[in-house]
Amino acid sequence: SVQLLGSTGYYSAAATLAALQERRGIAPTQRLGSFNADPLGALAARGFSYRKAETALAQAASIAALTATSFPQMKSLQVATFAYDNAGCHAVQELAAAVATGIEYLRACEAQGLAPEATAAQIQFSLAVGCDQFLEIAKFRALRALWNRVLEACGVPSAQRKMTVHARTSRRVLTKRDPWVNLLRTSIGCFAAAVGGAELITVLPFDDAIGP
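Residues numbered from 1 in each chain as written. Predicted model: local features only at pLDDT ≥ 70, side-chain atom pairs only at ≥ 80, totals over all residues. Heavy atoms only, no water.

### As for the overall build of the chain
What counts is decided by this rule: In this description a helix means any DSSP run of H or I spanning at least four residues, a strand means any run of E spanning at least two, and both kinds are numbered starting from the N terminus. As defined in this context, the radius of gyration uses C-alpha atoms, and a globule is described by 2.2 Å times the residue total to the power 0.38. Burial classification: accessible surface area is computed with a 1.4 Å probe over protein chains only, and a residue below 20% of its type maximum counts as buried, one above 50% as exposed, and the rest as partly exposed. When checking whether two residues touch, look at their non-hydrogen atoms; a contact exists if any pair is within 4.5 Å. Values of accessible area rely on a 1.4 Å probe in the Shrake-Rupley scheme; residue burial ignores everything except the protein chains shown.
The helix and strand tally for the chain stands at eight helices and five strands. Walking the chain from its N terminus toward its C terminus, one meets helices and strands in the order α-β-α-α-β-α-α-α-β-α-β-α-β. Computed over the C-alpha atoms, the radius of gyration of the chain is 17 Å, within 12% of the 17 Å expected from 2.2 N^0.38 for a compact globule of 212 residues. Taken over the C-alpha atoms alone, the chain extends approximately 50 × 40 × 35 Å along its principal axes. Residue burial in the chain is summarised as follows: out of 212 residues, 43% are buried. A fraction of 75% describes how many contacts in the chain between residues 6 or more apart in sequence connect residues 24 or more apart. Of the roughly 10600 Å² of accessible surface on the chain, a fraction of 57% belongs to carbon and sulfur atoms.

### Considerations on the pairing of strand β2 (residues 74-80)
How we decide: Two strands pair if DSSP finds at least two bridges between them.
Summarising burial for β2: seven of the seven residues are buried, a large majority. Pairing between β2 and strand β3 (residues 123-129): four bridges, direction parallel. Residue pairing for β3: Leu-77 is matched across the bridge by Ile-123.

### Points about helix α1 (residues 10-23)
Heads up, the rule is: Expected helix span is taken as 1.5 Å per residue step, with the number of steps being one fewer than the number of residues. Directions pointing from the helix axis toward each C-beta atom define the arc.
Here α1 spans 20 Å end to end across 14 residues, near enough to the 20 Å set by a 1.5 Å rise per residue. The complete set of buried residues in α1 reads Tyr-10, Ala-13, Ala-14, Leu-17, Ala-18 and Gln-21. Down the axis of α1, the buried side of the element spans an arc of 135°, and every buried residue falls inside it. More than 90 degrees from the buried face of α1, the exposed residues found are Thr-16, Glu-22 and Arg-23. Elements that come into contact with the buried residues of α1 comprise β1 (33-37), α2 (39-46), α3 (53-70) and β2. With its phi angle positive at about 75°, Gly-25 sits one or two positions after the end of α1.

### Structural notes on the packing of aromatic side chains
The criterion, for reference: Here the aromatic set is Phe, Tyr and Trp, taking the six-membered ring for Trp, and pairing holds for ring centres within 6.5 Å; pairs whose planes are under 30 degrees apart are stacked, those over 60 apart are edge-to-face, and all others are tilted. Placement of a charge over a ring requires the Lys NZ or Arg CZ to be within 6 Å of the ring centre, with the centre-to-atom vector within 35 degrees of the ring normal.
Following the criterion strictly, the structure yields three aromatic pairs and no others. Taking the ring centre of Phe-82 as reference, the NZ or CZ of Arg-168 above it sits at 4.0 Å.

### Here's the deal with the sheet that holds β2
The pairing of strands in a sheet happens through backbone hydrogen bonds and is either parallel or antiparallel. The criterion, for reference: Interaxial angles span 0 to 180 degrees and are taken between N-to-C directions of axes, which are lines fitted to C-alpha atoms, for helices over the stretch in contact.
Spatial strand order, β1-β2-β3-β4-β5: five strands in an open sheet with parallel pairing. Two strands bound the open sheet, and with one partner strand each, they are β1 and β5 (200-202). For this sheet, the mean angle separating the axes of adjacent strands, direction not counted, is 30°. Packed on one face of the sheet, helix α7 (residues 133-153) meets β3 and β4 (164-169) and runs near 155° to β3.

### With respect to the side chain of Thr-101
For Thr-101, the position within the fold is in helix α5 (residues 91-111). What makes Thr-101 buried here is its relative accessible area of 7%. Beyond its immediate chain neighbours, meaning those up to four positions away, Thr-101 contacts Asp-38, Leu-40, Val-79 and Tyr-84.

### Side note on the pairing of β4
Definition in use: Place the viewer so that the strands point away; then a crossover is right-handed whenever the path from the first strand over the helix to the second strand goes clockwise.
In terms of burial, β4 is a largely internal element, six of the six residues being buried. Where burial is concerned, the two faces of β4 agree: the one with Thr-164, His-166 and Arg-168 and the one with Val-165, Ala-167 and Thr-169 are both buried. Note: β3 against β4, six bridges, orientation parallel. Counted as the bridge partner of Val-129 is Thr-169 from β4. For the segment spanning β3, α7 and β4, crossover handedness is right-handed. Pairing analysis gives three bridges linking β4 to β5, with the strands arranged parallel. For Ala-167, the partnering residue across the bridge sits in β5 and is Ile-201.

Laid out in structure tokens, this is it:
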């Protein structure tokens, strides 16, 4: 999959990945992964964009529409909250940002002719996970309840309200001067994400704060 957190290059990256799959002879129905287009997450991470937000949303929605019709096993959209976590937001604010972003993607895709249930199948949520164990477990479980309510309000049948959740350990909780403590912090975060129901978990290296 294309993993470009905070990047505006998802459009060309998606085209490159699709071309590579084509070159390797992978049938469209057998292609797996995600293009991870997240224009609003990229805007939040960078603070500016070379394109209007409306244009970026339309491009992401066009990727979703193409993916839904041509690559049924793939996802196209990502709702990532790492920019907000790095900025110091708390769990409730992170959930609010995630749900609001997801709703904007539902609206953008609807303008491209995609039904809410088709768009929901294209979205992967990606949240930061810290080391407050029980709070993080509750956060991930709350996300599912909130998104289920959004899809219910959109008229999506209960059987089609499934969601994929990815967790990545937060950079904000990592210390630079005593990195060994990060082993404990990332272990707690990984455990909390798993218990909270995340299907995909990325644990940053314990010395990530030091740099390459």
